[in-house]
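Structure at a glance
If you want the building blocks of each chain, they are given just below.
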Protein chains: 2
Amino acid sequence: MTALSDHRTAIRPTMADVAAEAHVSVKTVSRVVNHEPGVRPDTAERVRAVIERLGFRRHDGARMMRQGRTFTIALVVEDLANPFYSQIGAAVEREARIRQHQLITASAEGSPTRERAVIEALINRRVDGIVVVPADESASSDAAVEASQTPIVYMDRPVRGTPRDTVLSDNHGGIRSAVEHLVAHGHRSIALFGDDPAFWTARQRREAFVATHQSLGLPGSARVSMGPHSPTSVRETLTRWTQTADPTTAVITGNNRITIALLLALRDLRLPLSLVGYDDFELADLVDPPVTVVHQDPAAMGQKAAQQLFARLLGDESPAQTVVMPTRLVVRGSGLRRSPASR
Amino acid sequence: MTALSDHRTAIRPTMADVAAEAHVSVKTVSRVVNHEPGVRPDTAERVRAVIERLGFRRHDGARMMRQGRTFTIALVVEDLANPFYSQIGAAVEREARIRQHQLITASAEGSPTRERAVIEALINRRVDGIVVVPADESASSDAAVEASQTPIVYMDRPVRGTPRDTVLSDNHGGIRSAVEHLVAHGHRSIALFGDDPAFWTARQRREAFVATHQSLGLPGSARVSMGPHSPTSVRETLTRWTQTADPTTAVITGNNRITIALLLALRDLRLPLSLVGYDDFELADLVDPPVTVVHQDPAAMGQKAAQQLFARLLGDESPAQTVVMPTRLVVRGSGLRRSPASR
DNA sequence: GGCAGGCATGACAGCGTTGTCTGACCACCG
DNA sequence: CGGTGGTCAGACAACGCTGTCATGCCTGCC
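Residues numbered from 1 in each chain as written. Chains lettered and ligands numbered in written order. Predicted model: local features only at pLDDT ≥ 70, side-chain atom pairs only at ≥ 80, totals over all residues. Heavy atoms only, no water.

What to know about the interface of chain A and chain B
Keep this limit in mind: By the convention used here, residues are in contact when the closest approach between their heavy atoms is within 4.5 Å. Put simply, buried area is the surface a 1.4 Å probe can reach on two separate parts but cannot reach once they are joined, added for both. In the sections that follow, a salt bridge refers to a side-chain nitrogen of Lys or Arg positioned within 4 Å of a carboxyl oxygen of Asp or Glu. Whenever two N or O atoms come within 3.5 Å, that pair is a polar contact, provided that in protein one can donate a hydrogen and the other can accept it, and provided that, for residues adjacent in sequence, both atoms are side-chain atoms.
Of the residues lining the interface, 52 residues belong to chain A; the matching set on chain B comes to 52 residues. Buried area between chain A and chain B, summed over both chains or domains, comes out near 4600 Å², and the portion from carbon and sulfur atoms is 51%. A per-residue breakdown of the area chain A buries against chain B is headed by A:Arg125, A:Arg126 and A:Leu286, which together make up 15% of the total. Here chain A is connected to chain B by 6 salt bridges. A salt bridge links A:Glu120 to B:Arg57; its shortest N-O distance comes to 2.9 Å. Inspection of the chain A/chain B interface yields 25 residue pairs in polar contact (both at pLDDT 80 or more).

So, in structure tokens, the structure goes:
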């Protein structure tokens, strides 16, 4: 019971406390704690006993400070509750965990300003690296961020400026597979309900749709309605397009929410349209008919991004790389041609 | 350009660099950075200019170390990709963010061992507090954790041992509302498909079901089938129970997954059963018929837990408190009595 | 017996901040 | 003109750990 341990008995014990109690130096305690070689077994045992008795736990903050790394990476997304992002989060956390790192997750709520603030806070903490699903394309290619030297991997959307590691989904291939699937089932008049063109992915998918429409030589010009969409707006557009001389017989929806709006509209209107949705969703095979979707694999994307990041942390100095992850068409029935009477 | 800033020019500049460049002391830089009073405006301006020029950013790790707090809280759950947990995560992160804290999220993958390891790692980092959805009831009422003094709030399931702050969902009330709803619509023979009784919540819901069954004076003994369930097992049990002299006319499912299994079974069997599911799910109103559910509000629970935690961090010393969050019955149609011919 | 070499251990500095204390300088007052 | 008090600034130590280097001791060999 030295004076040292006395006055801090309420506080957590430090290596100094352990050292005093075990009659060794702080460095020896450090060696024991970190399983470094060069400590006689009996000394080590004695130290361990004191550690146990005092309930000592190494202060990782101090350690990080000394070593200059935090064993922490961060993930910045728009909204953690969104399944697309939470699957990414789970995957990134997993990669971090198996490498003894911890993950700080932060939401930017879609605001570029907030996103920048969040990233700066993370940099101030000296996280070892960051995975970002950027809110907009200008995002954080900020001088301060550049200067920080903190490795960053972008996901789902690219950013302008200096090339950076980026993991994207194959929007073009996804849309093409959807169109081809519908065409293979006899459809010729296919429409796209896309998301707000403010989103890069929405624009990508629109372009892919138009391009595929042309390259397959489908008649007429491609029917496209970009968002934002409400169930009502979807219904109106749909009604219009199915009453032309060349009625739309199949639709592709640009994301999850639109798929749902469309399903509701279809149910109300009792229209026998075929449908391929972009983005899988949990109960796609429970609705009637089960919805065929273009499945992007957020978990795989998150994993890939984390792996890229860790490669950088391990010293990979190769030029920034952009990886495009494939999508998969999950055929469930809604993409087949149905006659109006089938229900 | 002093020798100091020279040899570290590649590395991030520190307050010492700024101080040297601005011909002031480190402490003055600190004061400027932290907007402390007592710095002449022109001095402050000069310092700020150098900060800007050098791209200095305060090293929060050092700050934390000095101040003894990390401005970090942590959330430990089973699986971040699970919507129940990711909604909690989003809510907790939000509470943290508005209080200038950051959130470390960690998955324990349902393993008590891993959970303990994860929590110890977080304690070693000196996170200011932890929100835990414990994997089992013995969880982490571990001596080491106790001794760490780190405030912990438990969620969804209580733990044994010393009372701790806990936020639970009103399983009893939720089940009762489900039963009462079905009874109000004429059902007398109601069955429960519960989850694996290894889970505390599953046991709670079973007990609530049995108790409500009795207190409402329903005929016969309560029909209960506890998990784990597969779609097949559900189908078999269901077939059996609907072929007795007193056929089951309504079921309550103990969670999300079971609800889905049951919906699949119902579709195959073309049984006209009424259904109330426990746990809301995203497309509950898109399936046919829309599923009536007992809605627990994970976001509200997470928010509550985080608020409790921050109260502790601000010095609240009152005895540990258990909060039971209410559930809400969302009536959507599947709970009404239907005749076999209605479809 | 003397010395090289290996092993166990310790002293010390330093990671980048901030809290405390001290000091320089100036103005104002009696 | 000495004393009082206020403002601005800096010196210094400390937070808890680890990397580097030094030291002491023992063994073994010539």
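Looking at the protein's contact with DNA strand D
The following threshold applies: Here a residue is near a molecule or strand as soon as one of its heavy atoms is found within 4 Å of it. Runs of E in the DSSP output that reach at least two residues are strands. Runs of H or I that reach at least four are helices, and both are numbered from the N terminus. By the convention adopted, Pro, Cys, Tyr, Trp, Phe, Met, Ile, Leu, Val and Ala count as nonpolar, Lys, Arg, Asp and Glu as charged, and the other residues, Gly among them, as polar.
Taken together, the neighbourhood of DNA strand D is formed by 26 residues, with A:Met15, A:Arg66, B:Ser25, B:Thr28 and B:Thr43 sitting nearest. Backbone atoms, meaning sugar and phosphate, form 67% of the atoms of DNA strand D found within 4 Å of the protein. The contact in question runs from a base nitrogen of DNA strand D to an N or O atom on the side chain of B:Arg31, over 2.7 Å. Secondary-structure elements contributing two or more residues to the surface near DNA strand D are helix H3 (26–33) and helix H5 (60–67) of chain A together with helix H3 (26–33) and helix H5 (60–67) of chain B. Tallying contributions element by element places H5(A) first for the surface near DNA strand D, with 5 residues. Among the residues making up the surface near DNA strand D, the classes are represented as 7 nonpolar, 10 polar and 9 charged.

Concerning the confidence of the model for chain A
Residues and elements named next belong to chain A. Rule in force here: Per-residue confidence from the predictor is reported as pLDDT, a score between 0 and 100.
Per-residue pLDDT for chain A averages 90, and the proportion of residues at 70 or more is 94%. Per-residue pLDDT stays below 50 along residues 1–9; that stretch engages in 9 contacts with residues further than four places along the chain or on separate chains. For residues 339–343, every residue scores under 50 in pLDDT, and the model assigns this stretch 5 contacts once sequence neighbours within four places are set aside.

Some thoughts on empty space enclosed by the protein
Just so we agree on the cut-off: Computed over the protein atoms alone on a 1 Å grid, cavities are sets of points where a 1.4 Å probe fits but cannot get out and pockets are open sets with protein on both sides within 12 Å along at least five of seven lines; a residue lines them when it has an atom within 4 Å of a point. Grid points are joined across faces, edges and corners, and a volume is the space filled by probe spheres set on the points.
Across all of its chains, the model carries 3 cavities of 30 Å³ or more by this definition. Put simply, the largest cavity is a space of about 70 Å³. If you go around the largest cavity, the residues you meet are A:Leu80, A:Ser86, A:Gly89, A:Thr105, B:Leu80, B:Ser86, B:Gly89, B:Ala90 and B:Thr105. Secondary-structure elements contributing two or more residues to the lining of the largest cavity are helix H6 (83–98) of chain A together with helix H6 (83–98) of chain B. With 3 residues, H6(B) is the single largest residue contributor to the lining of the largest cavity. A per-class count over the lining of the largest cavity returns 3 nonpolar, 6 polar and no charged.

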